[in-house]
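Observations on the model geometry
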Amino acid sequence: MSIELSLPSAGALPDLAVTQLICTAAEAAEAANPGDDPVTVMVAGRDGRRLESTAARCPAT
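My aim in this report is to walk through the structure given alongside it, one point at a time. Within any chain, residue numbers begin from 1 and follow the written order of that chain's sequence. Two thresholds apply to this predicted model, a pLDDT of at least 70 for residue-level local features and 80 or more for giving and counting side-chain atom pairs, whereas whole-chain, interface and lining totals are computed over all residues. Side-chain measures were taken over the full set of non-hydrogen atoms in the model, leaving aside hydrogen atoms and water.

Moving on to the overall build of the chain. Numbering of helices and strands starts at the N terminus; helices are DSSP runs of H or I of at least 4 residues and strands are runs of E of at least 2. Along the backbone of the chain there are one helix and three strands. Counted from the first residue to the last, the chain has its helices and strands arranged as β-α-β-β. For this measure, only C-alpha atoms enter the radius of gyration; the expected value for a globule follows 2.2 Å times N^0.38, where N is the number of residues. At 12 Å, the chain has a C-alpha radius of gyration in line with the 10 Å of a compact globule built from 61 residues. Its C-alpha atoms put the chain at 35 × 20 × 15 Å along the principal axes. For each residue, the accessible area found with a 1.4 Å probe, counting protein chains only, is set against the maximum for its type, and the residue is called buried under 20%, exposed over 50%, and partly exposed in between. Taking all 61 residues of the chain together, the buried fraction comes to 28%. Taking the contacts inside the chain whose residues are at least 6 apart along the sequence as the reference set, 56% of them involve residues at least 24 apart. Only heavy atoms matter for contacts: two residues are in contact if any of them lie within 4.5 Å across the pair.

Another aspect to go through is the state of the cysteines. Simply put, disulfide is the name for a covalent bond between the sulfur atoms of two cysteines. Pairs of cysteine sulfur atoms within 2.5 Å are identified as disulfides in what follows. Scanning all chains against the criterion turns up one disulfide. Disulfide pairing places Cys23 opposite Cys58 at an S-S distance of 2.0 Å. Between Cys23 and Cys58, the disulfide has an S-S torsion of -100° and is therefore left-handed. Of this pair, Cys23 sits in helix H1 (residues 15-32) while Cys58 sits in the segment after strand S3 (50-54); the two residues are 35 residues apart in sequence, bridging distant segments of the chain.

Within a regular strand, the side chains alternate between the two sheet faces. Here strand S2 (residues 40-44) lies mainly inside the structure; four of its five residues are buried. For strand S1 (residues 2-4) and S2, the ladder comprises three bridges, and the chain directions are parallel. In the strand pairing of S2, Ser2 is matched with Met42. Two strands form a pair only when DSSP identifies at least two bridges running between them. Sheet topology places S2 next to S3; five bridges connect them, and they run antiparallel. Counted as the bridge partner of Ala44 is Arg50 from S3. Between S2 and S3, which pair antiparallel one after the other, the connecting turn spans five residues, and Gly48 there sits at a positive phi close to 90°.

Before going further, it helps to examine the side chain of Ser53. Locating Ser53 in the fold gives a position in strand S3. Take Ser53: its relative accessible area is 15%, and that puts it in the buried class.

With that out of the way, let us pick up the sheet that holds S1. What the three strands build is an open sheet, ordered S1-S2-S3; its pairing is mixed. The sheet terminates laterally at S1 and S3, the two strands that pair on one side only. Strand-to-strand twist in this sheet, taken as the mean axis angle between neighbours without regard to direction, amounts to 15°. Whenever a helix is involved, its axis is fitted only over the stretch in contact; in every case the axis is a line through C-alpha atoms, and angles between N-to-C directions fall within 0 to 180 degrees.

Set out below in structure tokens:
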């Protein structure tokens with residue numbers, strides 16, 4: 001799953017903002033497809049810089 005931002009760089013966001021985007025997308029994917037393997041979420045800016053992670057790094061809800 002990927003999220004493309006209209007920011008110049010994904011690195012322009014604070015770490016907490018990137019974590020929130022990744023965790024929200026990962027949780028949405030899990031809710032839509034319960035029991036599937038966890039997804040890797042990638043956040044990319046216009047410069048092509050990518051940050052990625054999985055729900056394993058998200059706080060438990």
